[in-house]
Amino acid sequence: QKRKTVAGILAMKKKGEKITMLTAYDAAMASMLIAADVDVLLVGDSLGMVVLGYDSTVPVTMDEMIHHASAVRRGAPGAFVVGDMPFGSYQSGKRDAILNGGRFLKEAGCDAVKLEGGMEVCETVTALERAGISVMGHIGLTPQTATQLGGYKVQGRDLESAQRMVAEAKALEEAGAFAIVLECIPDELGRIISEEIAIPTIGIGAGVHCDGQVLVTHDLLGMFDKFIPSFVKSYCKLAPVIKEAVSEYNAEVRSGAYPDADHSFSSDSNLRKLLGL
Ligand code: KIV
Ligand code: NA
């Protein structure tokens with residue numbers, strides 16, 4: 001698979017080809033996702049909840065993101081990798097955003113970064129683009145500010161907020177973003193925003209009319225059951241498979257069935273004697 005570029009991703013929308021994006025946090029998974037031909041890997045700050053055990057994405061640090069994004073890059077050298085800017089890494093201004101966004105490119109080998117927000121981040125998006133850092137926007141339900149939005153719930157249901165969201169999408173496009181994640185909005189609003197802007201929309205809980213889709217990989221695989229939004233489709237249920245395998249291992253270790261001769265290194269049966277014991 002040839003490594004995608006920003007231009008290639010933009011071209012997919014023009015050609016009407018759907019974009020698939022999935023989250024990755026480590027090398028092993030990144031390599032499997034790319035082998036399955038995913039278009040874009042997102043090192044999401046969902047890392048905090050899915051892998052690091054935090055209650056929200058807010059505590060995730062830049063160092064944690066760089067640590068995992070580097071692993072994803074090592075596992076998938078040919079992937080288009082987007083690093084998710086964690087809470088606090090871009091809100092304080094353009095300079096911080098460029099320094100932190102730059103780390104994703106310099107230290108982790110990412111192709112682009114993603115950040116949450118509408119009008120309030122547009123100047124930052126432009127500054128990043130001018131600094132040579134491609135930016136994916138993210139509007140609708142923005143988990144980093146979910147408490148201000150009244151929790152994890154559908155956004156853009158009333159006319160006023162739908163109108164604002166269309167304006168935010170246009171402003172982000174104008175600011176220079178190359179794509180926008182639309183999270184948890186009605187499908188008709190997803191369609192309208194996708195039609196109103198030339199850059200691709202990548203939906204999560206935003207209906208089928210978006211130019212692409214993204215899911216948290218652990219949700220898709222049925223590996224994370226703490227909090228499952230209704231828009232998530234689990235394509236398999238790995239959690240019970242893992243539990244079963246581990247229970248079997250425990251039973252075999254406890255009974256002495258594992259390791260058997262096939263899984264051991266044989267040696268001279270006279271070893272005790274040879275050692276003079
Ligand atoms: O952090 C994340 O995984 C995300 C996607 C769900 C869009 O931001
Ligand atoms: Na995120």
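Computed from a predicted structure; not experimentally measured. (Residues numbered from 1 in each chain as written. Chains lettered and ligands numbered in written order. Predicted model: local features only at pLDDT ≥ 70, side-chain atom pairs only at ≥ 80, totals over all residues.)

**Q** Is there a simple way to explain the sheet that holds strand β1 (residues 19-23) in this structure?
**A** Pairing between the strands of a sheet comes from backbone hydrogen bonds, and it takes one of two forms, parallel or antiparallel. With respect to topology, eight strands assemble into a closed barrel ordered β1-β2-β3-β4-β5-β6-β7-β8, the strand pairing being parallel. Each strand of the sheet is rotated relative to its neighbour by a mean of 25°, with strand direction disregarded. Pairing geometry for strand β5 (residues 135-140) and strand β6 (residues 179-183), over five bridges, is parallel. When the bridges of β6 are listed, Gly-140 appears paired with Glu-183. Most of the contacts of helix α4 (residues 62-75) go to strand β3 (residues 80-84), to which it runs at about 170°, and overall it touches β2 (40-43) and β3. (Pairing = 2+ DSSP bridges. Helix = DSSP H or I, 4+ residues; strand = E, 2+ residues; numbered from the N terminus. Axes fitted to C-alpha atoms, helices over the stretch in contact; angles between N-to-C directions. Contact = placed C-beta atoms within 7 Å.)

**Q** Before we go on, may I ask you to explain the nonpolar core in this structure?
**A** The nonpolar side chains of soluble globular proteins are, as a tendency, buried together. Among the nonpolar cores identified, the biggest contains 69 residues, and Leu-41, Val-43, Val-113, Val-135 and Ile-180 are the most heavily contacted of them. Non-local contacts of Leu-41, meaning those with residues more than four positions away in its chain, are made with Leu-22, Ala-24, Ala-30, Leu-33, Val-72, Ala-76, Ala-79, Phe-80 and Val-81. (Core = buried A, V, L, I, M, F, W, Y, C linked by C-beta atoms within 7 Å. Buried ≥ 20, exposed ≤ 12 C-beta atoms within 10 Å, placed from the backbone.)

**Q** Can you walk me through the domain arrangement of the protein in this structure?
**A** How big an interface is tends to be expressed through the accessible area that disappears when the partners come together. Under the domain assignment, the protein is made up of domain 1 (6-236) and domain 2 (241-274). Just the C-alpha atoms count here: the centres of domain 1 and domain 2 sit 45 Å apart. (Domains from an automatic or database assignment.)

**Q** Just to check I follow, could you spell out the site of ligand 1 for this structure?
**A** In the vicinity of ligand 1, the contacting residues are Thr-23, Leu-42, Gly-44, Asp-45, Ser-46, Asp-84, Val-181, Ile-204, Val-214 and Val-216. Classifying every residue of the shell around ligand 1 by side-chain character gives five nonpolar, three polar and two charged. (Near = placed C-beta within 6 Å. Nonpolar A, V, L, I, M, F, W, Y, C, P; charged D, E, K, R; others polar.)

**Q** Explain the UniProt feature "active site" (unreviewed entry) in the protein here, please?
**A** According to UniProt, the feature "active site" (unreviewed entry) maps to Glu-183 in the numbering used here. By the secondary structure assignment, Glu-183 is in strand β6. On the basis of neighbour counts, which here come to 23 C-beta atoms within 10 Å, the residue Glu-183 falls in the buried class. (UniProt positions renumbered as here; feature names shortened; annotations may be inferred.)

**Q** What is the right way to read the UniProt feature "binding site: 3-methyl-2-oxobutanoate" (unreviewed entry) in the protein from this model?
**A** Per the UniProt record, "binding site: 3-methyl-2-oxobutanoate" (unreviewed entry) is annotated on Asp-45, Ser-46, Asp-84 and Lys-114. These annotated residues cover 70 residues of sequence, and their C-alpha atoms lie no more than 12.5 Å from one another, placing them together at a single site. Topologically, Asp-45 is positioned in the loop between β2 and α3 (47-50). For Asp-45, a count of 31 C-beta atoms within 10 Å translates into the label buried.

**Q** Can you help me understand the environment of Phe-178 in this one?
**A** As for its position among the elements, Phe-178 is in the loop between α7 (159-175) and β6. Taking the C-alpha atoms as reference points, Phe-178 and Asp-39, 139 residues apart in sequence, are found 15 Å from one another.

**Q** In this structure, what is going on with the packing of α7 against helix α8 (residues 187-196)? I would like to understand it.
**A** Helix packing for two helices is described by the angle between their axes and how far apart those axes are. Between α7 and α8, whose axes approach to 10 Å, the crossing angle comes to 30°. In this view, α7 runs roughly parallel relative to α8, as classed from their interaxial angle. When the axes of α7 and α8 are compared, the crossing they make is right-handed. For the pair α7 and α8, the contacting residues are Ala-162, Met-165, Val-166, Ala-169 and Lys-170 in the first and Leu-189, Ile-192, Ile-193 and Glu-196 in the second. Of the residues that constitute the contact of α7 with α8, the class distribution is seven nonpolar, no polar and two charged. (Parallel < 35°, antiparallel > 145°, perpendicular 65-115°, else oblique. Left-handed = near helix turned anticlockwise from the far one by under 90°.)

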